[in-house]
Amino acid sequence: DARVTQTPRHKVTEMGQEVTMRCQPILGHNTVFWYRQTMMQGLELLAYFRNRAPLDDSGMPKDRFSAEMPDATLATLKIQPSEPRDSAVYFCASGLMQKGQATKQYFGPGTRLTVT
Amino acid sequence: AQSVTQPDIHITVSEGASLELRCNYSYGATPYLFWYVQSPGQGLQLLLKYFSGDTLVQGIKGFEAEFKRSQSSFNLRKPSVHWSDAAEYFCAVGAGAAGNKLTFGGGTRVLVKP
């Protein structure tokens, strides 16, 4: 049963530290999404990639956040420097984008980030 | 910009009773609409989606949803709820290419009473 995996599952860090979250999409999927979930803002799309190229990162704070796909099996989301307001659960999702069809997104279990 | 409203934050339902979760959306074009379920500590799982065609959509786990353009609604229903349906449910509208830019509602948490 193919799944999206995310590491780490939990991360506690101090303000100012760099945080890197990793995601392994389902093999064969060509699209990767990053979401953030907080009590106040709910679920927000940060960025998404197709065939490793960023398609949209308008939801991501550019000054401290960056998202990359070094290869087809790894997506990363970095925060540098981290701030307490970045505390949230970060979800990665992957899907197979096909012309004319809405992409079914498969979500990973999330990384719970706490910045103190 | 698109938006999604789920008016009910919490719903409590007895096991075996029917369930309906409300979702209203705002979007300028033909919407892609989705319902996701999130169990505690888990990621989201797609229940069903609407893109075009029949306005009554069947999904997994016995769920269905009906798209009503005139009411800008996409309500989720299940005829008989099981204890395992206790979870948080999110409605989403997709914009952009193939509806990939999802905007989620605030979610409805469902509690199932024995």
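Described below are features of the structure shown in this document. (Residues numbered from 1 in each chain as written. Chains lettered and ligands numbered in written order. Predicted model: local features only at pLDDT ≥ 70, side-chain atom pairs only at ≥ 80, totals over all residues. Heavy atoms only, no water.)

1. Observations concerning the overall build of chain B
- On a plain count of helices and strands, chain B comes out with zero helices and 12 strands.
- Order of helices (α) and strands (β) in chain B, N terminus to C terminus: β-β-β-β-β-β-β-β-β-β-β-β.
- By the compact-globule yardstick of 13 Å for 114 residues, chain B fits well, its C-alpha radius of gyration being 13 Å.
- In terms of its C-alpha atoms, chain B occupies a principal-axis envelope of roughly 40 × 30 × 20 Å.
- Counting every position in chain B, which comprises 114 residues, the buried fraction comes to 48%.
- Pairs at least 24 apart in sequence give 54% of the contacts found in chain B among residues at least 6 apart.
- Computed over 10 positive and 8 negative side-chain charges, the separation of the two mean positions in chain B equals 5 Å. (Helix = DSSP H or I, 4+ residues; strand = E, 2+ residues; numbered from the N terminus. Rg over C-alpha atoms; globule rule 2.2 N^0.38 Å. Buried < 20%, exposed > 50% of the residue type's maximum accessible area, 1.4 Å probe, protein only. Contact = heavy atoms within 4.5 Å. Lys, Arg positive; Asp, Glu negative; His and termini not counted. Charge placed at Lys NZ, Arg CZ, Asp CG, Glu CD.)

2. Let's talk about the sheet that holds strand 3 (residues 19–24) of chain A
Residues and elements named next belong to chain A.
- Judged by pairing direction, the sheet is antiparallel, and its four strands sit side by side in the order 1-3-8-7 without closing on themselves. Two strands close off the open sheet at either side, each with one partner strand: strand 1 (5–7) and strand 7 (65–71). Averaged over all pairs of adjacent strands, the angle between their axes in this sheet comes to 20°, without regard to strand direction.
- Sheet topology places strand 3 next to strand 8 (residues 74–79); five bridges connect them, and they run antiparallel. Note that in strand 8 the partner of Arg 22 across the bridge is Thr 76. (Pairing = 2+ DSSP bridges. Axes fitted to C-alpha atoms, helices over the stretch in contact; angles between N-to-C directions.)

3. Concerning the interface of chain A and chain B
- Taken together, the 20 residues of chain A in the interface contact 17 residues of chain B.
- Taken as a group, Leu 43, Ala 102 and Phe 107 of chain A account for 34% of the area that chain A buries against chain B, more than any other trio of residues on that side.
- In this structure, the salt-bridge partner of Asp 56 of chain A is Lys 101 of chain B, at a minimum N-O distance of 2.9 Å.
- Applying the counting rule to chain A against chain B returns five residue pairs in polar contact (both at pLDDT 80 or more).
- Elements that contribute at least two residues to the side of chain A that touches chain B include exactly strand 4 (31–38) and strand 5 (42–50) of chain A.
- Residue composition of the side of chain A that touches chain B, by class: 10 nonpolar, seven polar and three charged. (Buried area = accessible area lost by both parts, 1.4 Å probe. Salt bridge = Lys/Arg side-chain N within 4 Å of Asp/Glu carboxyl O. Polar contact = N/O pair within 3.5 Å; in protein donor to acceptor, adjacent residues only side chain to side chain. Nonpolar A, V, L, I, M, F, W, Y, C, P; charged D, E, K, R; others polar.)

4. Points about the pattern of salt bridges
- Applying the stated criterion across every chain yields a total of 11 salt bridges over all chains.
- Between Arg 85 of chain A and Glu 83 of chain A there is a salt bridge, with its nearest N and O atoms 2.5 Å apart.
- Note that Glu 66 of chain B is salt-bridged to Arg 77 of chain B, the shortest N-O span being 3.4 Å. Of this pair, Glu 66 of chain B sits in strand 8 (residues 64–68) while Arg 77 of chain B sits in strand 9 (residues 73–78), and the two are 11 residues apart along the sequence.
- Exposure remark for Arg 77 of chain B: the relative accessible area of 24% places this residue in the partly exposed category.
- Through salt bridges with shared partners, one network takes in Arg 64, Glu 83, Arg 85 and Asp 86 of chain A.

5. Considerations on the pairing of strand 8 of chain B
All names here are of chain B.
- Pairing analysis gives three bridges linking strand 7 (residues 56–58) to strand 8, with the strands arranged antiparallel. Each bridged residue has a counterpart across the sheet, and for Gln 58 the counterpart in strand 8 is Glu 64.
- The antiparallel pairing of strand 7 with strand 8 creates a hairpin that spans five residues between the two strands, and Lys 61 there sits at a positive phi of about 60°.
- Pairing between strand 8 and strand 9: five bridges, direction antiparallel. By the bridge assignment, Ala 65 is partnered in strand 9 with Leu 76.
- Turn length for the strand 8-strand 9 hairpin, with the two strands adjacent in sequence and antiparallel, is four residues, and the turn residue Ser 72 shows positive phi of about 50°.

6. Quick word on unusual backbone geometry
Residues and elements named next belong to chain A.
- Cis geometry marks the peptide bond from Thr 7 to Pro 8; its omega dihedral reads -10°.
- For Pro 8, the location among the structural elements is in the loop between strand 1 and strand 2 (10–13).
- Omega for the peptide link from Gln 80 to Pro 81 comes to -10°, which places this bond in the cis form.
- Tracing the chain through its elements places Pro 81 in the loop between strand 8 and strand 9 (88–95).

7. Notes on the pairing of strand 10 (residues 87–95) of chain B
Residues and elements named next belong to chain B.
- Among the nine residues that make up strand 10, nine are buried, leaving the element largely enclosed by the rest of the structure.
- Inspection of the sheet shows strand 10 paired to strand 12 (residues 108–113) by three bridges, in the antiparallel sense. Following the sheet pairing, Glu 88 is matched in strand 12 by Arg 109.
- As paired elements, strand 10 and strand 11 (residues 101–104) share four bridges and run antiparallel to each other.

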